[in-house]
Amino acid sequence: MDDVEHSIARAFEAAVQNLQEDDLGAFEQTYSDLGSQLGVMLARCMRRRNATSSFQSRLPDELWSAILEDEALMLSDYIHFSHVCHSWRRLSLLSPRLWRAVDFTTCRRTKCSCQACLDAETSLLDLQFARLEALLPRSGGLHLDLRLKCPKNDRVISNDFIRRLADALHPHTHRIARIQAGFDDRQRLCTFICSLESLPVLRYLSAATADGSVVLDDGASIPISRQRMPMLEHLNLSLWCFDYRVIPISIPEPMPSVQKVSYAFTEEEDLLRLLRSFPRLQSLALTPIDPNFPLWGSNTNITSEIRKRAESVEDVTLADVSSEEDHGVLFRLLHRRDMEAFTVRFTGTPPQTGSLASLSDLTDSDGVELVVNCIGGWGVSITAHTGKRRRDSTFHCYRLNVPTSRAEALKTVFSSIWEYLPLSSVDTLVVDAETWAALPPSPPSSASRTTELRVLLGDTEQYPFPWTGPDPARFPALTRMVVESRHSYPDVTAESLVQFIRTLGAEVNELEVLVGEGVVLVGDEAALRGMCRISRDTVNQIFITAA
């Protein structure tokens, strides 16, 4: 046994000796490689440590999801977020709400017609389709907001392109809730909408084209029907006229689900057909396109039916109605003086005598607020509303149609306002420097009931505060004054504000003054504090007292 043990021991030692001699070189080589890669390995470990211990990783996923769902962010932002790191990519891909809005835009990079440029455009279009097919599934089963913009490009936007686009959207049409489609060719826009199958959850459809010269044939109409779009609520066809007929059969079945329509019309029959197709309209925005208004009303049956069918409309917007006669025609058809809630807006239209008559609806109401502000170089916004009866009249005029100076134009426009809605009927008045100068020099009556005045500060260099001009209107019932700003932190001296308040002629002993965000009052406010009621918290936060 001793001899056997010695033999085994000698054999084991020999095997170990041989193993060390054979593998020593390989071991040394491995050790050298490990030393050379040590820096790379350490850097990789540090990156992993930083990724798992950073501020971003310490925030719960729910907070990051809430941050990423901010309405100001767009699809391109979400794509960029998903490329920041593995953690953000995982989070973005697990958040289907981020991918509900899908954009598809084609653009023409060059007008060159060579084959190389055409191939480049085709390649970009292929990338857009690949992007669309990758993004659509990320929203899971949520409703989609689809935005398409296809400017005129005959080399790319063809019938084959429309079929390809429809095929890409086909698996998801059952969950498209919004469509904003803009083509520069009417025929292709209609072809695209027709290529989509039933849209059971579609609630908003906006179809627009910039090409106003194409004459539609009988087959070029958008198939808007109760069967294809049973949940449609908002329809925007404001840029050109559509034919609501299902060609060549008959007028489609009325769609009671539609409550809001923007529409461009030409004839009186267009408006009647619109009201017949959507019997439960609540909001209607109209843009006339070369209408022959003098002939309107010649057919009393059409006029009476329009007025009857428009009784449910509570919100009316009239855009680009330029003449007094046109105002009167539409206003008589749609205005409802006896309705508890009614809103009328005039956009891109100078206030006319007929439309200003809607302001008289508010004279006997409580809580009337009148907002008169200048917008842009030659624009004015006039809004009068009351919350109790829910009546609202708004005028957005971007070209004051008066061949005089801007100041005289404002006075001319506002002089008509006071005839229908005098200051004695206004509880809250909102003005800026230019509209302040256009106020009447004195109140129409001694019973002025304005209790709140909101002053909007703008360009302090062009219109320094306090404002000058004719004798300002006096407000004996004023109890509250708010100073606000459209820009960042315009300085107003305390002495200027005191001077302005004194010119109002109000009993300032009980006047409350509030300086809103964006306004810095500079100087000693002791006189203002002695005249008015100002809370200490507000003063400490906003006022800067001179040393």
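Report follows, based on the coordinates. Only a predicted model underlies this, so the values are computations on that prediction, with no experimental measurement involved.

**So, the pattern of salt bridges**
No. 1: Under the defined criterion, the tally for this structure stands at 15 salt bridges.
No. 2: In this structure, Arg203 engages Glu233 in a salt bridge whose closest nitrogen and oxygen atoms are separated by 2.7 Å. One end of the pair, Arg203, is in the loop between α8 (186–195) and β4 (204–209); the other, Glu233, is in the loop between β4 and β5 (234–237), and 30 residues separate them in sequence.
No. 3: For Glu233, a relative accessible area of 32% corresponds to the partly exposed category.
No. 4: When the shortest N-O distance is used, the salt bridge between Asp427 and Arg449 registers 3.1 Å. Placement of Asp427 in the loop between α13 (406–420) and β13 (428–431) and of Arg449 in the loop between α14 (433–437) and β14 (452–457) is noted, with a sequence separation of 22 residues between them.
No. 5: The exposure class assigned to Arg449 is partly exposed, which follows from its relative accessible area of 24%.
No. 6: Among the charged side chains, a salt-bridge network with shared partners connects Glu369, Glu452, Arg454, Arg480 and Glu512.

**Structural notes on helix α9 (residues 268–277)**
No. 1: Of all 10 residues in α9, 8 are buried, a share of seventy percent or more.
No. 2: Inspection of α9 places Glu268, Asp270, Leu271, Leu272, Arg273, Leu274, Leu275 and Ser277 among the buried residues, and these make up the whole buried set.

**A closer look at the packing of helix α7 (residues 159–169) against α8**
How two helices sit against one another is set out by the angle between their axes and by the gap between those axes.
No. 1: Direction vectors running N to C along α7 and α8 enclose 30°, while the axes themselves pass 9 Å from each other. Relative to α8, the element α7 is oriented roughly parallel. Read as a crossing pair, α7 and α8 show a hand that is right-handed. Within the contact between the two elements, α7 uses Ile162, Leu165, Ala166 and Leu169 and α8 uses Arg188, Thr191, Phe192 and Ser195.
No. 2: Across the contact of α7 with α8, the residue classes break down as 5 nonpolar, 2 polar and 1 charged.

**Some thoughts on helix α3 (residues 61–68)**
No. 1: Here α3 has its buried residues at Trp64, Ser65 and Leu68. For α3, the buried positions fall inside an angular range of 100° around the axis, keeping them on one side. For α3, exposure combined with an orientation more than 90 degrees from the buried face picks out Glu62 and Ala66.

Conventions used here
Residues numbered from 1 in each chain as written. Predicted model: local features only at pLDDT ≥ 70, side-chain atom pairs only at ≥ 80, totals over all residues. Heavy atoms only, no water. Salt bridge = Lys/Arg side-chain N within 4 Å of Asp/Glu carboxyl O. Helix = DSSP H or I, 4+ residues; strand = E, 2+ residues; numbered from the N terminus. Buried < 20%, exposed > 50% of the residue type's maximum accessible area, 1.4 Å probe, protein only. Axes fitted to C-alpha atoms, helices over the stretch in contact; angles between N-to-C directions. Parallel < 35°, antiparallel > 145°, perpendicular 65-115°, else oblique. Left-handed = near helix turned anticlockwise from the far one by under 90°. Contact = heavy atoms within 4.5 Å. Nonpolar A, V, L, I, M, F, W, Y, C, P; charged D, E, K, R; others polar. Arc of directions from axis to C-beta.

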